[in-house]
Amino acid sequence: MSPISTRKHGDVLIVTSNNPPVNALGHAVREGLVKAIEQADSDDDVKAVVIRCEGQTFFAGADISEFGTPKSFQPPMLPQVVDIIENCTKPVVAAIHGTAFGGGLEVALASHYRVAVPSAKLGVPEVKLGLLPGAGGTQRLPRAAGVSKALEMAATGNPISAKEACGVGLIDRLIEGDLEQHAVAFADQVKDVRPIPRTSERDDKLAEARENPAIFDEFRKANARKFRGFDAPEANIKAIEAAVARPYAEGVLEERRLFMELMSGTQARAQQYFFFAERKASKIEGLPEDTKPREIRRVGVIGAGTMGGGISMNFLSAGIPVTIVEMAQEALDRGTGVMRKNYEASAAKGRMSAEQVEQAMGALKPTLSLEDLADCDLIIEAVFENMEVKKDIFGKLDRIAKPGAILASNTSYLNVDEIAASTSRPQDVVGLHFFSPANIMKLLEVVRGAKTAPDVLVTAMQIAKKIRKVAVVAGVCHGFIGNRMLMPRQVEATKLLLEGATPEQIDKVHVGFGMPMGPFQMADLAGVDIGWHRDPNRIENVRDALCAIDRWGQKKGAGFYDYDDKRQPSPSPKVQEIIEDFSRKQGVERREVSDQEIIERTLYTMVNEGAKILEEGMAQRASDIDVVWVYGYGWPVYRGGPMFWADTEGLPKIVEGIRRQQERLGSEFSLSELLLRKAEAGEKFTR
């Protein structure tokens, strides 16, 4: 059975797609659309066509299950399909609900008219997969919506609402009520209108850019930081430039050339790999298939500091009531005050209403008593990173929490099994490592203890989805996945300082690679004093020396860098003096350090640690490690993540680079057996 069916309503042919769950434009759908348009063209009784979809959405894009398979290249291809729709001799109306994304919007653009329900969203998110809309989308979109809006939509991949689309002329009419009924009525109104309005033949909306060609460079400049390192945004901009500068037929050829260029590049492969990696991360291996999650009606959070407050906001925003506990009233008031301020800032930016702010804060129960956590189904401890403190809290929770309540620690490094052992119910204990700021960062490391029950794990993954986090399962080891891999980078970066590199050189290499900031910029932002012992007379390393003279980072106006009143960094002669003094004291001979050595010692060693994590079973799969690093630490998605990047570099090259640095890495460093085996066998971490 074809997913495309047709039926007549008077002289209007209704073409319906029923291809759950999202009406993806797979081969059978493409073929069915072509046959339906051919039917309309050949039937004299048909005067107009409505294209609509069953289920929750209009065509939401390409069929990802066909990616890389022969079906994705089987004719008719989408560019042919949309041309056939546009060249139909009867007016075609696209009736949009849900989302018209990617190829779905290209089908709508090829239709002669577009109507939509107000809740619909329209977009071309291909840039997020390292591509551009390759079925005439970059040529038709500026002709329908204007150049400015087309640039914004195509180069960022962000969708717009049907209301906004109507405002720029991308939608001809907003439909209140029954979509099909109103779309057929609209088709009846326009069935005799000639000439049929074909988007590819329009150029009225290209005038703004023809009169002001600087619009493109202004857009590039305004988004330079956001687009840094990515190939696809620039290709989208160039394709839209071609729409303005060339006739449609030539613009389409340029779009195709740019599309094929992106398609054959490493970035598109990396971004598409990551798209699937993110979806794979939610699958937990080795659990009974019939495992059911526990019900979470109320959440308790211990600690109202930056982390506790941020964690609480995630649940409140998802409509889950929270009991938050602090030891002192002042700390409790300060924490809840910051939460309210954050919500009000979101409301000021139009991200939520004043009513939603009050709803969220109204679902928060602040208290100074741990006993008030007795009715919570999930309790998350978010206190100081100290094992004895955490064990003490979990011992108390063991007495207070109701049977079946999940007890979670937000620890960044500590042993979850040791924490669980301080209770009589280790099966109910799990690690939930949120990343700071917890109300913004998407990553959640779910740490699976030796005795964590399957339904606890399933519940943790499900609740993560509910609070819009990307969850990755990690095993119990120091630093889990992310922070464990961060350690060799930090250790080597600090050693490189003593050997002759400067903070700015090391940071520049990392930023040039695509990281949002380097290790020393990150230290200054987070606080150089994090983890400092607080004794200014005990100076054992460069960090101790900086903290002893109040150089705690950006918050103090000085850290590894000097900062002006706008927090702009500049190299610090004082820091250089401290570094060189340490080099002398430790007998380290300073020398010139190459950028390649920095990459080998700070990034190759991370890959090596990632391989050890896989070797030990601390991560389920290499792609999970990549998800942690993209979402938790800003690894550039166009490089796919550290393990995908290692595969693209070639594992023999990684091993060779590490061996070149082996002497400087020291006697404590060891090469991963898994990395060595895969390099020798010509294998990869990711497929």
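Being a predicted model, the structure only gives us computed values, none of them experimental.

A word on the sheet that holds strand β2 (residues 12-17). Strand order in the open sheet formed by six strands is β1-β2-β3-β4-β6-β9, with mixed pairing between adjacent strands. This sheet does not close on itself; its edge strands, each paired only once, are β1 (4-9) and β9 (173-174). Relative to strand β4 (residues 92-96), strand β3 (residues 48-53) runs parallel, the two sharing three bridges. Following the sheet pairing, V49 is matched in β4 by V92.

The next point concerns the sheet that holds strand β7 (residues 121-123). Across the sheet, three strands lie side by side as β5-β7-β8; this open sheet has mixed pairing. Each edge of the open sheet is held by one strand with a lone partner, namely β5 (99-101) and β8 (160-161). As paired elements, β5 and β7 share three bridges and run parallel to each other. Residue F101 lies in a different strand from β7, and its bridge partner there is G123. On top of the sheet, helix α3 (residues 103-110) reaches β5 and β7; it is set at about 90° to β5, its chief contact.

Next up on the list: the environment of K8. Tracing the backbone shows K8 in strand β1. Linking K8 and R448, residues 440 residues apart in sequence, is a C-alpha distance of 57 Å. In this structure K8 touches L13, D43, D45 and V46, once residues within four positions along its chain are discounted. Within the local environment of K8, its side chain forms a polar contact with the side chain of D43, the two groups lying 2.6 Å apart.

Turning our attention to the pairing of strand β17 (residues 470-474). Of all the five residues making up β17, five are buried; the element is thus mostly covered by neighbouring parts of the structure. Burial along β17 is two-sided: the face carrying V470, V472 and A474 and the face carrying A471 and V473 are both buried. Pairing of strand β16 (residues 443-447) with β17, which is carried by five bridges, proceeds in the parallel orientation. In the strand pairing of β17, E445 is matched with V472. Crossover handedness for the path β16 to helix α19 (residues 454-466) to β17: right-handed.

Looking now at unusual backbone geometry. The residue after R194, namely P195, is reached through a cis peptide bond having omega -5°. Positionally, P195 belongs in the loop between α7 (179-190) and α8 (207-211). Here R534, not a glycine, exhibits a phi torsion of approximately 75°, which is positive. Position of R534 relative to the elements: it lies in the loop between α22 (519-526) and α23 (542-548). The backbone of R567 sits at a positive phi, close to 60°, despite the residue not being glycine. Structurally, the position occupied by R567 is in the loop between β18 (561-563) and β19 (569-571). Residue class for R567 comes out partly exposed when judged on its relative accessible area of 44%.

Turning to the packing of aromatic side chains, a few remarks are in order. Under the definition given, this model contains 17 aromatic pairs. Here the aromatic rings of W629 and Y633 are separated by 4.2 Å at their centres, their planes lie at 20°, and the arrangement is stacked. Here the residue W629 and the residue Y633 both occupy positions in helix α26 (residues 622-633), the gap between them amounting to four residues, near one helical turn. One aromatic cluster is present, formed by F435, F513, Y604, W629, Y633, W635 and W645 through successive ring pairs.

Along the polypeptide, K47 turns up in the loop between α1 (27-42) and β3. Along the primary structure K47 and E616 are separated by 569 residues, whereas in three dimensions their C-alpha atoms are 66 Å apart. Setting aside its immediate chain neighbours within four residues, K47 contacts D11, K90, P91 and K191. For K47, the side chain forms a polar contact with the main-chain oxygen of D44, separated by 3.1 Å.

Let us now look at the layout of surface pockets. Roughly 1100 Å³ of internal volume is contained in the second largest pocket. Taken together, 23 residues form the lining of the second largest pocket, with S317, S346, R351, N439 and R468 sitting closest to its centre. At the level of elements, α14 (306-317), α15 (329-348) and α16 (354-362) are the ones that each hand at least two residues to the lining of the second largest pocket. Per-class residue counts for the lining of the second largest pocket are nine nonpolar, seven polar and seven charged.

Reading guide: rules and limits
Residues numbered from 1 in each chain as written. Predicted model: local features only at pLDDT ≥ 70, side-chain atom pairs only at ≥ 80, totals over all residues. Heavy atoms only, no water. Pairing = 2+ DSSP bridges. Helix = DSSP H or I, 4+ residues; strand = E, 2+ residues; numbered from the N terminus. Contact = heavy atoms within 4.5 Å. Axes fitted to C-alpha atoms, helices over the stretch in contact; angles between N-to-C directions. Polar contact = N/O pair within 3.5 Å; in protein donor to acceptor, adjacent residues only side chain to side chain. Buried < 20%, exposed > 50% of the residue type's maximum accessible area, 1.4 Å probe, protein only. Right-handed = clockwise from strand over helix to strand, strands pointing away. Phe/Tyr/Trp six-rings, centres within 6.5 Å; stacked < 30°, edge-to-face > 60°. 1 Å grid on protein atoms, 1.4 Å probe; cavity = no way out; pocket = protein on both sides within 12 Å on 5 of 7 lines; lining within 4 Å. Points joined across faces, edges and corners; volume = space filled by probe spheres on them. Nonpolar A, V, L, I, M, F, W, Y, C, P; charged D, E, K, R; others polar.

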